[in-house]
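Here's the letter readout for the chains.
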Amino acid sequence: MGTEAPDSGRTMISKDNKDQTAPPSKLDAGDLFVLKSRGSWLHCGYHLTTSIVAPALLSIPFAIGLLGWGAGMVCLSLAALVTFYSYNLLSLVLEDQDRRGKRQLHFRAMANDILGPGWGKYFVGPLQLGICYGAVISCILIGGQSLKFIYLVARPNGSMQLSHFIVIFGGLKLIMAQMPSFHSLRHINLVSLLLCLAYCACTTAGSIYIGKSRNAPPKNYDVTEVGINRLFGTFNAISIIATTYGNGIIPEIQATMAAPIQGKMFKGLLVCYSVIISTFFSVGISGYWAFGNQVMATVLSNFTDQGKNLVPEWFLLITNIFVVVQVSAVSLTYLQPTNVVIERRFADPEKEEFSARNIIPRIVFRSLSIVIATTIAAMLPFFGDIMALLGALGFIPLDMIMPAVFYNVTFKPSKRSLMFWGNAIIAVVATVLAVVGSVASVRQIIIDAKNYRLFANV
């Protein structure tokens with residue numbers, strides 16, 4: 001059986017991974033049962049793609065609309081370059097730790113070992129759990145909204161409420177959440193990769209179809225906001241794009257790979273970013289081209305106008321079915337850090353993984369986790385505003401600031417080198433964006449507060 005010191009997050013010798021490093025002080029059921037190191041770089045690519053290429057990318061045309069063509073494309077391109085670079089930095093640090101015999105399995109352990117005691121427990125750990133569980137809630141909300149859309153296409157005068165569909169989707173998650181480990185999601189995440197390509201292709205084709213049709217809306221590419229509203233709109237757009245590229249679980253994904261891990265994450269990132277480039281840019285460009293500054297927060301909302309479908313009904317149904325199925329995989333991926341905590345607290349690493357002693361607590365507490373997330377999603381259908389705040393506070397620090405800091409502290413590049421100052425600049429600029437993005441998100445929450453109502457049918 002695998003072992004790991006709970007405070008260090010280090011992988012040790014196991015039945016499944018004979019080549020992992022030195023003996024532990026204590027078994028950790030969370031890492032032993034959830035973060036199994038059996039995957040290949042290709043499996044890593046599937047996990048990475050599912051964690052980044054999610055239905056949130058359908059908001060990219062809206063973000064470009066807040067910035068305009070030039071600034072929007074520059075921001076979208078810079079975010080791709082910076083996040084790819086940052087994720088690679090994080091991977092290099094993880095590989096260096098592995099060479100030293102300290103394979104890190106999660107962000108919390110990295111922060112503790114590299115920056116000192118307390119960083120993982122009081123900053124990185126809570127931050128990561130907050131954004132990951134928030135992402136699970138958002139996915140359940142998106143799944144419910146897509147199910148409601150499918151229902152209304154089939155029955156325009158149907159009486160079912162959004163909360164009903166959220167509960168239905170939550171019920172599906174209740175079953176899928178019992179998948180025992182992160183590695184067991186590899187085939188699900190391969191299907192997820194194919195589905196995200198499918199609904200992005202549908203969205204792009206639909207936007208082009210509408211943009212060229214007789215019913216095409218008038219196109220105006222001017223940024224309509226002025227003054228302070230334009231300023232906050234710009235920061236809001238940057239936060240949307242940064243959050244769309246967000247991951248927050250790179251160490252956990254790298255932990256799923258079998259040793260030796262050197263060079264594998266880079267290959268996985270190449271798989272992931274080939275999908276990112278083909279989906280983010282196609283959806284962003286086609287959506288903004290078709291609808292201009294009238295593009296909505298989710299571009300699929302523009303496919304209907306005053307109750308009239310601008311594309312064939314079957315096309316809308318297929319696209320939303322793809323979204324529903326793919327977002328279920330995304331929610332499973334972001335549930336893994338929560339599963340690690342649950343297993344650590346309630347499982348017994350001395351017993352077999354599928355013994356009654358471990359299966360019963362796993363079913364009970366994972367189910368409770370999904371029930372809570374589903375309840376919050378149904379209660380707060382405007383959770384997207386809250387998630388924008390969590391994204392600014394969480395994804396930007398974990399995906400842009402911490403990798404640069406970890407690299408400079410670990411490898412200590414010369415203070416005269418381009419690497420050192422490049423990382424420092426990324427960390428400083430990302431810090432400013434996190435602060436300003438948080439302020440913009442809070443402002444948006446205050447503006448939208450008048451529309452808030454528990455269990456609203458939006």
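The sections below set out a description of the structure shown in this document.

**Some thoughts on the overall build of the chain**
Then, number 1: Looking only at helices and strands, one finds 15 helices and 2 strands in the chain.
Then, number 2: On C-alpha atoms alone, the chain measures out to a radius of gyration of 22 Å, which is about the 23 Å that the 2.2 N^0.38 rule sets for 458 residues.
Then, number 3: Over its C-alpha atoms, taken along the principal directions, the chain stretches across nearly 70 × 60 × 40 Å.
Then, number 4: Per-residue burial over the chain gives 57% buried out of 458 residues.
Then, number 5: Expressed as a percentage of contacts within the chain between residues at least 6 apart in sequence, the contacts between residues at least 24 apart total 79%.
Then, number 6: Distance from the positive charge centre (35 side chains) to the negative charge centre (23 side chains) of the chain: 3 Å.

**So, the packing of aromatic side chains**
Then, number 1: Applying the stated criterion across every chain, the model contains 15 aromatic pairs.
Then, number 2: Aromatic pair Phe 84 and Tyr 273: ring centres 5.1 Å apart, planes at 80°, arrangement edge-to-face. In this pair, Phe 84 sits in helix α4 (residues 69-99) while Tyr 273 sits in helix α11 (residues 264-291), placing the two residues 189 residues apart along the sequence.
Then, number 3: The class of Phe 84 is partly exposed, set by a relative accessible area of 21%.
Then, number 4: According to the relative accessible area criterion, Tyr 273 is buried, its value standing at 6%.
Then, number 5: Here a set of aromatic residues connected by ring pairs shows up, and it is made of Trp 69, Tyr 221 and Tyr 288.

**Here's the deal with the packing of helix α3 (residues 60-67) against α4**
Helix packing for two helices is described by the angle between their axes and how far apart those axes are.
Then, number 1: As a packed pair, α3 and α4 sit with axes 7 Å apart at the nearest point and diverge in direction by 130°. Classified by the interaxial angle, the pair formed by α3 and α4 is oblique. Note on packing geometry: the crossing formed by α3 with α4 is right-handed. Only Ala 71, Gly 72, Met 73, Cys 75 and Leu 76 of α4 make contact with α3, whose side of the interface consists of Ile 60, Ile 64 and Leu 67.

**Looking at unusual backbone geometry**
Then, number 1: The omega angle of the peptide bond from Ala 259 to Pro 260 is 0°, so this bond is cis rather than trans.
Then, number 2: Tracing the sequence through the fold places Pro 260 in the loop between α10 (250-255) and α11.
Then, number 3: Even without glycine at this site, Lys 412 takes up a positive phi of about 45°.
Then, number 4: You can see Lys 412 is positioned in the loop between α14 (383-411) and α15 (418-448).

**Section: a nonpolar patch on the surface**
Then, number 1: On the surface, Val 74, Leu 78 and Leu 81 cluster together into a nonpolar patch covering about 300 Å² of accessible area.
Then, number 2: Looking at where Leu 81 falls in the secondary structure, it is placed in helix α4.
Then, number 3: A residue is classified by how much of its surface remains accessible, and Leu 81, at 60% relative accessible area, is exposed.

**A short note on the packing of helix α2 (residues 41-52) against helix α12 (residues 313-346)**
Then, number 1: Two elements in contact, α2 and α12, have axes whose closest approach is 9 Å; the angle formed by their N-to-C orientations is 105°. When the interaxial angle is binned, α2 and α12 end up roughly perpendicular. Taken together, the residues of α12 that come into contact with α2 (itself represented by His 47, Thr 50 and Ser 51) are Ala 329, Val 330, Thr 333 and Tyr 334.

**Considerations on the nonpolar core**
Then, number 1: Of all hydrophobic cores here, the largest spans 105 residues; its most connected members are Leu 57, Tyr 245, Phe 280 and Phe 406.
Then, number 2: It is α11 that contributes the most residues to this core, 13 residues altogether.
Then, number 3: Not counting the four nearest positions on each side in its chain, Leu 57 is found in contact with Tyr 199, Cys 200, Thr 244, Thr 279, Phe 280 and Val 283.
Then, number 4: Counting 8 residues, the second-largest nonpolar core is a separate cluster that includes Ala 242, Ala 427, Ala 430 and Ala 434.

**Brief notes about the environment of Val 364**
Then, number 1: For Val 364, the location among the structural elements is in helix α13 (residues 356-379).
Then, number 2: On the accessibility criterion, Val 364 (44% relative accessible area) is partly exposed.
Then, number 3: Considered as a pair, Val 364 and Phe 149 are 215 residues apart in the sequence and their alpha carbons are 31 Å apart.

**Brief notes about the pattern of salt bridges**
Opposite charge on two side chains permits pairing when their charged atoms draw close.
Then, number 1: Per the stated rule, a full pass over the model turns up 7 salt bridges.
Then, number 2: As a salt-bridge pair, Asp 28 and Arg 344 come within 3.0 Å of each other at their nearest N and O atoms. In this pair, Asp 28 is assigned in the segment before α1 (29-33) and Arg 344 in helix α12, connecting sequence segments 316 residues apart.
Then, number 3: You can call Asp 28 buried: its relative accessible area is 1%.
Then, number 4: For Arg 100, the salt bridge goes to Asp 96, with nearest N and O atoms at 3.0 Å.
Then, number 5: A relative accessible area of 10% means that Asp 96 is categorised as buried.
Then, number 6: Look at the salt bridges and you will find they share partners, linking Asp 28, Asp 31 and Arg 344 into a network.

**Thoughts on empty space enclosed by the protein**
Then, number 1: In the structure shown here, the tally under the stated rule is 1 cavity of 30 Å³ or more.
Then, number 2: Space inside the largest cavity adds up to approximately 40 Å³.
Then, number 3: Lining the largest cavity are Leu 94, Arg 103, Gln 104, Pro 251, Gln 254, Ala 255 and Ile 261.
Then, number 4: Looking at the lining of the largest cavity, the element that brings in the most residues is α10, giving 3 residues.
Then, number 5: For the lining of the largest cavity, the residue count by class is 4 nonpolar, 2 polar and 1 charged.

Procedures and definitions
- Residues numbered from 1 in each chain as written.
- Predicted model: local features only at pLDDT ≥ 70, side-chain atom pairs only at ≥ 80, totals over all residues.
- Heavy atoms only, no water.
- Helix = DSSP H or I, 4+ residues; strand = E, 2+ residues; numbered from the N terminus.
- Rg over C-alpha atoms; globule rule 2.2 N^0.38 Å.
- Buried < 20%, exposed > 50% of the residue type's maximum accessible area, 1.4 Å probe, protein only.
- Contact = heavy atoms within 4.5 Å.
- Lys, Arg positive; Asp, Glu negative; His and termini not counted.
- Charge placed at Lys NZ, Arg CZ, Asp CG, Glu CD.
- Phe/Tyr/Trp six-rings, centres within 6.5 Å; stacked < 30°, edge-to-face > 60°.
- Axes fitted to C-alpha atoms, helices over the stretch in contact; angles between N-to-C directions.
- Parallel < 35°, antiparallel > 145°, perpendicular 65-115°, else oblique.
- Left-handed = near helix turned anticlockwise from the far one by under 90°.
- Patch = residues over 30% accessible without salt bridge, like charges linked within 9 Å, V, L, I, M, F, W, Y side chains within 5 Å.
- Areas by Shrake-Rupley, 256 points an atom, 1.4 Å probe, with all protein chains shown as cover.
- Salt bridge = Lys/Arg side-chain N within 4 Å of Asp/Glu carboxyl O.
- Core = buried A, V, L, I, M, F, W, Y, C linked by side-chain atoms within 4.5 Å.
- 1 Å grid on protein atoms, 1.4 Å probe; cavity = no way out; pocket = protein on both sides within 12 Å on 5 of 7 lines; lining within 4 Å.
- Points joined across faces, edges and corners; volume = space filled by probe spheres on them.
- Nonpolar A, V, L, I, M, F, W, Y, C, P; charged D, E, K, R; others polar.

In short, the description is geometric, and any link to function would need to be established separately.
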